[in-house]
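# Examination of the molecular architecture
Take a look at the letters that make up each chain.
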Amino acid sequence: QVQLVESGGGSVQAGGSLRLSCAASGLTFSSYTMGWFRQAPGKEREFVATITWSGGSTSYTDSVKGRFTISRDNAENTVYLQMNSLKPEDTAVYYCAASAQPVVRRAQGAYYYWGQGTQVTVSS
């Protein structure tokens, strides 16, 4: 049974930092492209960042470029999202997801496995 478990969310003031983690089990983690998505209240879930199996390719949505960094540790079956210079508009539930496609993918439909999400709240 595949499980993706996010952690590291919380409340922080604008300008602060958080590091999200997503621990994967039940799949060959090193074979999957991993992604982070988020859903703000009243809005649709949107793409944030993605990283290929080797970490050789990454992609970010424009609003987080230069502030967020996605990385992975295949030995630990974990993907991370380092979030710096947080803004109130970053407030959302953050989800990690796994895609069997070997290239970076922004489309949610490319991801088959999803975690339950972790709340990030940024106050002004």
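Here the structure is a predicted model, which means the values were calculated and not measured.

A few words now on the overall build of the chain. Counting its regular elements, the chain contains zero helices and eleven strands. Reading the chain from its N terminus to its C terminus gives the helix and strand order β-β-β-β-β-β-β-β-β-β-β. Each principal axis of the C-alpha distribution contributes one length, and for the chain these read about 40 × 25 × 25 Å. Here the chain holds 124 residues, and 43% of them are scored as buried. Summarising the internal contacts of the chain: among those between residues at least 6 apart in sequence, 60% fall at separations of at least 24. Counting every atom, the chain has about 6,200 Å² of accessible surface; 44% of that belongs to carbon and sulfur. Computed over 10 positive and 8 negative side-chain charges, the inter-centroid distance for the chain is 4 Å.

A few words now on the nonpolar core. Residues W36, L81, M83 and Y94 are the most contacted members of the largest nonpolar core, which totals 28 residues. Apart from residues no more than four positions distant in its own chain, Y94 is found in contact with E6, L20, W36, F37, R38, V48, F68, L81, M83, G117, T118 and V120. Listed in part, the five residues of the second largest apolar core include F37, F47, A110 and Y111.

Tallied over the entire structure, the rule returns one disulfide. Two residues, C22 and C96, share a disulfide whose sulfurs are 1.9 Å apart. Disulfide C22-C96: the torsion about the S-S bond is 40°, which places it as right-handed. Of the two residues, C22 sits in strand β3 (residues 18-25) while C96 sits in strand β9 (residues 92-99), which places them 74 residues apart along the sequence. Exposure remark for C22: the relative accessible area of 0% places this residue in the buried category.

Among the structural elements, S11 can be located in strand β2 (residues 10-13). Among the residues examined, S11 registers a relative accessible area of 66% and is labelled exposed. Remark: the alpha-carbon pair of S11 and Q119, spanning 108 residues in sequence, is separated by 8.2 Å.

Let's shift gears to the side chain of T33. Relative to the helices and strands, T33 resides in strand β4 (residues 33-39). On the accessibility criterion, T33 (1% relative accessible area) is buried. At 2.7 Å, the side chain of T33 and the backbone oxygen of Q101 are in polar contact.

With antiparallel pairing, the four strands of this open sheet are ordered in space as β1-β3-β8-β7. The open sheet is flanked by β1 (3-7) and β7 (68-73), the only strands paired with a single partner. Taken pair by pair, the neighbouring strands of this sheet meet at an average axis angle of 15°, ignoring direction. Taken together, the six bridges between β7 and strand β8 (residues 78-83) define a ladder with antiparallel strand orientation.

Parameters and conventions
Residues numbered from 1 in each chain as written. Predicted model: local features only at pLDDT ≥ 70, side-chain atom pairs only at ≥ 80, totals over all residues. Heavy atoms only, no water. Helix = DSSP H or I, 4+ residues; strand = E, 2+ residues; numbered from the N terminus. Buried < 20%, exposed > 50% of the residue type's maximum accessible area, 1.4 Å probe, protein only. Contact = heavy atoms within 4.5 Å. Areas by Shrake-Rupley, 256 points an atom, 1.4 Å probe, with all protein chains shown as cover. Lys, Arg positive; Asp, Glu negative; His and termini not counted. Charge placed at Lys NZ, Arg CZ, Asp CG, Glu CD. Core = buried A, V, L, I, M, F, W, Y, C linked by side-chain atoms within 4.5 Å. Disulfide = S-S within 2.5 Å. Polar contact = N/O pair within 3.5 Å; in protein donor to acceptor, adjacent residues only side chain to side chain. Pairing = 2+ DSSP bridges. Axes fitted to C-alpha atoms, helices over the stretch in contact; angles between N-to-C directions.

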